[in-house]
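One letter stands for each residue in the lines below.
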Amino acid sequence: MAGWRDLGRLARGYRGPIAGAAALSLLGTLLALTQPLLARAAVDGAAAGQLRWPVLGALTALFAAHASALALGRYVQAHTGETMTRDLRRTLTGHLLRVRIAAFDDRRVGDLIARACGDTTVVKTLIAQSLGTGLAGVAGLAAAVALLAWLDPWLLATVMVLFGGSFAALLAVVRRVRIASRTAQNAEGALLADLERALGGIRLVRACRAEPLEAARLDTSAGRAYLANLRMAGMVALSGPANDLAVSGAFLAVLLSGAARVSSGAMTLGDLVAFTLAMTYLAAPVYEIFQAVSAVQQGAGALQRITEVLALPVERDRPVAVAAVRSGARPARPVLEFRDVWFGYRPGAPVLRGVGFTVPARGQVALVGPSGAGKSTIFALAERFYEPDRGSVLLHGRDARFTPYARHRAAVGLVEQDSPLLAGTLRDNLLYGAGPVTDREIHRVLAMTGLTRVAAELPAGLDTPVGDHGRRLSGGQRQRVAIARCLLARPDLILLDEPTAHLDPDSERALTTTLHEVAEVCALMVIAHRFSTVRAATSILVLDRGAITATGTHSELLLASPYYRRLAAQTPTPQMYG
Ligand SMILES: Nc1ncnc2c1ncn2[C@@H]1O[C@H](COP(=O)(O)OP(=O)(O)OP(=O)(O)O)[C@@H](O)[C@H]1O
């Protein structure tokens, strides 16, 4: 029943157009059903040697009206199907963009793309084949059965036995069709996810000579989709002949017993013609119902995969707490504060253990610690990609949970270590999320981040496309573009994950000076692996296995923290670059 329930929920907002399509389809069927009555009068008249012209004229007009109603009904149905699919895609993509970051940790992006594109296309076919016509089919069937019962109940009983048998056969296979449809859609999702993995990391694939490995993975996923689709096609193919057999069998049975009854005088030839003609209008709704049932089963897997995405939790702003509103503007407060924050990606495995620190409104705070200590996790919580399990994150002295996400992220800028850029021009990337910015401001920030020459040397300057993920730029250029983007957005706090990671000593010195300037107008928090970055900080936090083990200035930590002393002893100083 899941497929029908999901379809019902999806169709809820489109009752009007669906009813319109069904009404037009039903009107077509009703117009068709009146034709046998006129045909009977025409045939009986012809048998008595007279052509009844008014009857023939009415019959022709009915044919035309019938055809027009059906054509219009099909168009309205297709239109409704397209509208529903467009709206479903909008809802789905809008939802995906707001899904909590944690949900992406357990899912493959390729599979999510498959759900937004492939599965919605399957659902579109389902809608096109089942809604409207399916409903009209049921109504048409009822009308046709009523007419046939009025014409000849005995012949109708023969017909119903045959149709009932084939419908029962269809229902027996539909459950399996639904399971096969789910398997097929999952396999299609896996295929797209594998393709996204291979193409997204194509340089790695080539460098590791892993083309055969990736090709084999893709083959396996394609093979699984192929087998599941074949299984489904086989079962659907069975339902077609079941319908045809029922229709042909019913016609034969009606003609045989009808002929006997005509010769015995129990019915006229006109009665038999009318019944046979009316039966053709029974075949159409029966076919429509068969189609609708099998389409819903085929689309059920895709619909279920879509409803799963729609059930993923999204980021939702909480109502602003009254106490928080009263606290007013707070430039004097620390821009960011962690109070006894505990957090784990999985229950029972804490990555942060009671972390507490403050970042003042101006100046540079460095975060140091061994790999895996939880430094990026602190940034993820500061950006509210995840919420703490215990404790709280405060922005300007207010519990961050009560600030709308958009406002929070406007105040806290993030530059990640691998500085991903988006496909588009350099200008698009610089202005991404920045709001209105003048050209003068752009050029000032380009100068600050050492990008003026880079931009000038690009073929179309700022309007040069940077390629997928910014691949046409070097790692260092990408990182500086990411920093420039963050500066243009003018947040209160900038989180930088090792800003000098990809830079040569000259650029590193220039950027260190820039960050020094930036720290005078806003707060900076920097994950630092290089000692040059650490030394520039006004305050340093040492993180080890999820806990802050020491806090202080460079000279304080040299005395207080053995880890920091080791870091200072091992890390090359900028002077070493000469
Ligand atoms: N999305 C995630 N899901 C599950 N575990 C994660 C996730 N991200 C990080 N972890 C785990 O959390 C721990 C801390 O990771 P984190 O990236 O915060 O460390 P880090 O100090 O930034 O390390 P590095 O200096 O190497 O970047 C690690 O054990 C890591 O495996």
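Rules of the game
- Residues numbered from 1 in each chain as written.
- Predicted model: local features only at pLDDT ≥ 70, side-chain atom pairs only at ≥ 80, totals over all residues.
- Helix = DSSP H or I, 4+ residues; strand = E, 2+ residues; numbered from the N terminus.
- Rg over C-alpha atoms; globule rule 2.2 N^0.38 Å.
- Buried ≥ 20, exposed ≤ 12 C-beta atoms within 10 Å, placed from the backbone.
- Contact = placed C-beta atoms within 7 Å.
- Pairing = 2+ DSSP bridges.
- Axes fitted to C-alpha atoms, helices over the stretch in contact; angles between N-to-C directions.
- Near = placed C-beta within 6 Å.
- Nonpolar A, V, L, I, M, F, W, Y, C, P; charged D, E, K, R; others polar.
- UniProt positions renumbered as here; feature names shortened; annotations may be inferred.
- Expected span 1.5 Å × (residues − 1).
- Domains from an automatic or database assignment.
- Core = buried A, V, L, I, M, F, W, Y, C linked by C-beta atoms within 7 Å.

**Some details on the overall build of the protein chain**
- Scanning the protein chain from terminus to terminus reveals 21 helices and 10 strands.
- Computed over the C-alpha atoms, the radius of gyration of the protein chain is 35 Å, more than 25% above the 25 Å expected from 2.2 N^0.38 for a compact globule of 578 residues.
- When its C-alpha atoms are laid out on the principal axes, the protein chain stretches across 120 × 55 × 45 Å.
- Expressed as a percentage of the 578 residues in the protein chain, the buried residues total 39%.
- In the protein chain, the share of contacts with a sequence separation of at least 24, taken over all contacts with a separation of at least 6, comes to 80%.

**Section: the sheet that holds strand β9 (residues 539-544)**
- Taking strand neighbours across the sheet as the criterion, the 6 strands line up as β6-β7-β8-β3-β9-β10 in an open arrangement whose pairing is mixed. Each having just a single partner strand, β6 (412-415) and β10 (547-552) make up the two edges of the open sheet. With direction set aside, neighbouring strand axes in the sheet form an average angle of 20°.
- Sheet topology note: the β6/strand β7 (residues 493-497) ladder contains 4 bridges and is parallel.

**Here we look at the pairing of β7**
- Where burial is concerned, most of β7 is hidden: 5 out of the 5 residues are buried.
- Burial along β7 is two-sided: the residues L493, L495 and D497 and I494 and L496 are all buried.

**Considering unusual backbone geometry**
- Positive phi is not limited to glycine here, since H396 has a value of about 50°.
- Inspection of the secondary structure puts H396 in the loop between β4 (390-395) and β5 (398-399).

**Quick look at the site of the ligand**
- Taken together, D105, Y345, V351, G369, S371, G372, A373, G374, K375, S376 and T377 make up the full set of residues adjacent to the ligand.
- Split into classes, the residues belonging to the shell around the ligand amount to 3 nonpolar, 6 polar and 2 charged.

**As for the UniProt feature "transmembrane region" (unreviewed entry) in the protein chain**
- Per the UniProt record, "transmembrane region" (unreviewed entry) is found at residues 51-76, 131-150 and 156-174.
- Taken end to end, residues 51-76 is 92% helix and 0% strand, and its two terminal C-alpha atoms sit 39 Å from one another.
- With 100% helix and 0% strand, residues 156-174 has its two end C-alpha atoms placed 27 Å apart.

**Some points on the environment of V296**
- By the element assignment, V296 lies in helix α10 (residues 269-310).
- For the pair V296 and S130, spaced 166 residues apart in the sequence, the C-alpha separation amounts to 6.8 Å.

**Focus: helix α2 (residues 15-47)**
- The terminal C-alpha atoms of α2 lie 48 Å apart, and with 33 residues this matches the ideal 48 Å at 1.5 Å per residue to within 8%.
- Positive phi shows up at G49, right after α2, with a value of about 85°.

**Describing the domain arrangement of the protein chain**
- Here the protein chain is partitioned into domain 1 (15-310) and domain 2 (332-577).
- Spacing between the C-alpha centres of domain 1 and domain 2 amounts to 56 Å.

**Some remarks on the sheet that holds strand β2 (residues 352-359)**
- The strand order β2-β1-β4-β5 describes an open sheet built from 4 strands, whose pairing is antiparallel. Bordering the open sheet on either side are β2 and β5, each of which pairs with just one other strand.
- The sheet contact formed by strand β1 (residues 336-343) and β2 spans 5 bridges and is antiparallel. Bridged to F343 within β2 is L352.

**Comments concerning the nonpolar core**
- Counting 70 residues, the largest nonpolar core has L367 and L493 as its most contacted members.
- Excluding its chain neighbours within four sequence positions, the residues that come into contact with L493 are V335, L336, V359, A411, V412, C522, A523 and M525.
- One finds A39, V254, A274 and V286 within the second-largest nonpolar core, a separate group that totals 60 residues.

**Some points on the environment of Q364**
- For Q364, the location among the structural elements is in strand β3 (residues 363-368).
- Judged by C-beta crowding, with 26 C-beta atoms within 10 Å, Q364 ranks as buried.
- Residues Q364 and L96, spaced 268 residues apart in sequence, show a C-alpha to C-alpha distance of 35 Å.
- When residues no more than four places from it in sequence are discounted, the contact partners of Q364 are L515, A519, L524, V526, A536, A537 and T538.

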